[in-house]
Amino acid sequence: MGLELDYIFHPRSIAVAGASESPDKFGHTYFKNVLEHFSGPVYPINGRATEILGEKTYASVRDVPGPVDYVVSAVPNNAALDLVDDCVAKGVKALHFFTARFSETGSEEGAQMERDMLAKARAAGMRILGPNCMGLYYPKEGIAWGREFPWEYGNVGIISQSGGNAGEMISVGATRGLRYSKVISYGNALDLNEADLLEYLADDPETGLIGGYIEGVKDGRRFAKALGYASRRKPVVLLKGGRTRAGTNMASSHTGSLAGANEVWEAMCRQMGVVNAFSMEDLLDSMVAFARMPAATGVNLLVGGGTGGKGVMSADECEEAGLHLPQIPDSVRGELVDKDPFFGAWVTNPVDGSIMGGSKLTPHEVITLIARDPSYHVVINGVAPSVPSNGRRSRRPTRSSRMLEHTAAIASELGKPVALVIADHIPDNDKLLKASAELHRQCVKDGFAVFPTISRAARAIRRLVDYYRWREEAA
Amino acid sequence: MTTAGIVEAARRAGRTLLSEVESKQLLEEAGIPVVPTRLATSRAEAVRIAQEIGLPAVLKVVSPDITHKSDVGGVKVGLETVGQVRSAYDSIMSSSRAAAPTASIEGVSVQSMAEPGVEVIVGATRDPQFGHVVMFGLGGVLVEMLRDVSMRLVPVEPRDARAMIREIKGLPLLQGYRQYAPCDLDSLEQAILGLSRFLEEHPEVRELDLNPVLCYPQGLVAVDARVVLEETSP
């Protein structure tokens, strides 16, 4: 399987069937993207225009002078079967159908067309991706469907039945520092399905973490097995769409009536070590945690940066997420008292930064000192932007930039997972808004896992702990 | 009769629901302890079986057409004497016939009365996407209300079986609570694993309930069993 799929990910040349001159069409955007970024030959296939973006067009894939490995189809669905014939004749290895309106419409005609397409492709040994999907985003090779996707690449691999959700993962994930190895939107999964793609990503050395959006599964037994295989190698985070759709299971036993589709999916995820995300937000949070934090070895958490009532609330939220906030050990307290007798005596976890005014220790010095203690496995630190008063630019480093240095030191020195929390509320103050956005960008750039609330950070960390525990036991 | 024989007989009779006696035989073959249960087709046979397996006994009506046996007066428990077994047989037959005149009644199952223990359910169903699923939970009549259950796909591995037992909220009840002694969790794990192996070998099973299974400080026993077959052999 790996070898066959390599033609999709490492084509020597790409043709865009239905390449278009109108800038807002998929056949244009896609062609423009690969033309500008893909290293091999790129051919526009179009029967009317003579050239697109300065490139000579061909009326058919068959007319292209050199070999064509990969074809992207933006042709109307009534031209799909002819395109399959052309591609087979040309010896194309893989055909991606952006083209839609097949079996997903529920029409028998559409389903029959799919069956015919598949039969022709199978007979020739050509693989089909889709139909009804966005296909491939492989920034390292210069392949992308979205104009706004980053070209910088990373190690997050994605499979998604929905192209829209895949696009959201890429774009929103990018602002949180996620970078991708390969993203595959596979739509109707006529030929290549979720299990094929999962197996490929599980063994893909460029992919260190797998995310996914799944609605239906073609072969559940195989998919479950592939998940177990993948999870033993790298974290897998899935979001299941259509969870609330009622099962049609006519049960005549207690077990039958209790084991609905959701319950079984959840059980399957637990069994196979898969993080079962319940929303897009949860999926992204989990991916950020896995991509940007080292393995967590336990649930003992140190929380910093909170103040007063907020700190109390955050302690509750973290406990609810399944983390523990151990009190500061006497030995550590002793060290704090040595440095500042007044303050060291009453510092607690969560560390309340607001009551440290006048102390000889800065809040981040305190956090760093406590975080070193082996009784803490993970750290969540709240960060807020500091706005210079009167618009004067200070030459001294700001409080938050010093804090970031210290936090980065905790992360690198101790090898402990550190999550940052930057509140994402939009302040009615342009300076603060700008400072907040700037701080967020800086934290992401510095490699931190950044979350908008403590409870979301805590939940993501708990997922990290659970996964690595599962993997250790599964070994 | 062997498992294959029981399935075959049910198929010939056009039944997908196996009787309690048949279901228990199947599970006994899978290595899951069940309360000794035999079918009596006459009053005299009921008495003889009761004497053989030992009093006190429980008698239940056996009919493919009666799902809720106690609703038709088809269950008599705590029968201490031969005389009580005799009159229980008569009473079950007459009240079941009166309550369900069209039901075909094969006879009465005679079983020994199990010692009280912590009631759990061990079951299985076939998910349309993922195939056989094994379920465990706190059992008895309250299982569907409490929904305190855990599940895994077949094949269930030992670590999964352990996790299933430890996942339910009612775990403390199994670990010893008030008048309940701690249950033998090893035998529970073995029952879950035995059921998983049984399902791997029997794709024709669509649904299965062992409910209740009584858990003891040592061992366990399935008191009631219900197996539903697929319409056609897969």
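Residues numbered from 1 in each chain as written. Chains lettered and ligands numbered in written order. Predicted model: local features only at pLDDT ≥ 70, side-chain atom pairs only at ≥ 80, totals over all residues.

S.K.: I tried to follow the overall build of chain A on my own but got confused; where do I start?
M.R.: The secondary structure content of chain A amounts to 17 helices and 17 strands. In terms of overall dimensions, chain A has a C-alpha envelope of 85 × 65 × 40 Å along the principal axes. Residues counted as buried form 48% of the 475 residues belonging to chain A. Considering only residue pairs separated by 6 or more positions, chain A has 73% of its internal contacts joining residues 24 or more positions apart. (Helix = DSSP H or I, 4+ residues; strand = E, 2+ residues; numbered from the N terminus. Buried ≥ 20, exposed ≤ 12 C-beta atoms within 10 Å, placed from the backbone. Contact = placed C-beta atoms within 7 Å.)

S.K.: Explain helix α10 (residues 280–292) of chain A to me, please; I cannot follow it from the model alone.
M.R.: The α-helix advances 3.6 residues per turn, and as a result positions three or four apart in sequence lie on the same side. Residue and element names in this part refer to chain A. With 13 residues, α10 extends 18 Å between its outermost C-alpha atoms, agreeing within 8% with the 18 Å of an ideal straight helix rising 1.5 Å per residue. Here α10 lies mainly inside the structure; 10 of its 13 residues are buried. Of all the residues in α10, the buried ones are L283, L284, D285, S286, M287, V288, A289, F290, A291 and R292. (Expected span 1.5 Å × (residues − 1).)

S.K.: Explain the domain arrangement of chain B to me, please; I cannot follow it from the model alone.
M.R.: By a widely used convention, the size of an interface equals the accessible area lost when the partners come together. Partitioning chain B into structural domains gives domain 1 (36–113) and domain 2 (118–229). Placing a centre on the C-alpha atoms of domain 1 of chain B and another on those of domain 2 of chain B gives a separation of 27 Å. (Domains from an automatic or database assignment.)

S.K.: Would you mind showing me how to read the domain arrangement of chain A here?
M.R.: All names here are of chain A. Each assigned domain of chain A is listed here: domain 1 (1–131), domain 2 (133–292) and domain 3 (296–474). Look at where the C-alpha atoms of domain 1 and domain 2 centre, and you get two points 25 Å apart. Contacts between domain 1 and domain 2 engage 28 residues on the former and 23 residues on the latter. Of all elements in the fold, only α1 (2–9), α2 (26–37), α4 (108–124) and β7 (127–129) reach the threshold of two or more residues within the side of domain 1 that touches domain 2. Per-element tally for the side of domain 1 that touches domain 2: the top contributor is α2, with five residues. Considering only residue class, the side of domain 1 that touches domain 2 consists of 16 nonpolar, nine polar and three charged. (Nonpolar A, V, L, I, M, F, W, Y, C, P; charged D, E, K, R; others polar.)

S.K.: How should unusual backbone geometry be read in this particular structure?
M.R.: With glycine set apart, most residues show a phi of negative sign, and most peptide bonds adopt trans. Residues and elements named next belong to chain A. Geometrically, the link from G130 to P131 is a cis peptide bond, its omega value of 0° lying close to zero. Here P131 shows up in the loop between β7 and β8 (135–137). Cis geometry marks the peptide bond from N349 to P350, where omega comes out at 0°. The topology assignment puts P350 in the loop between α13 (341–344) and α14 (363–371). Unlike most non-glycine residues, A189 shows phi in positive territory, near 50°.

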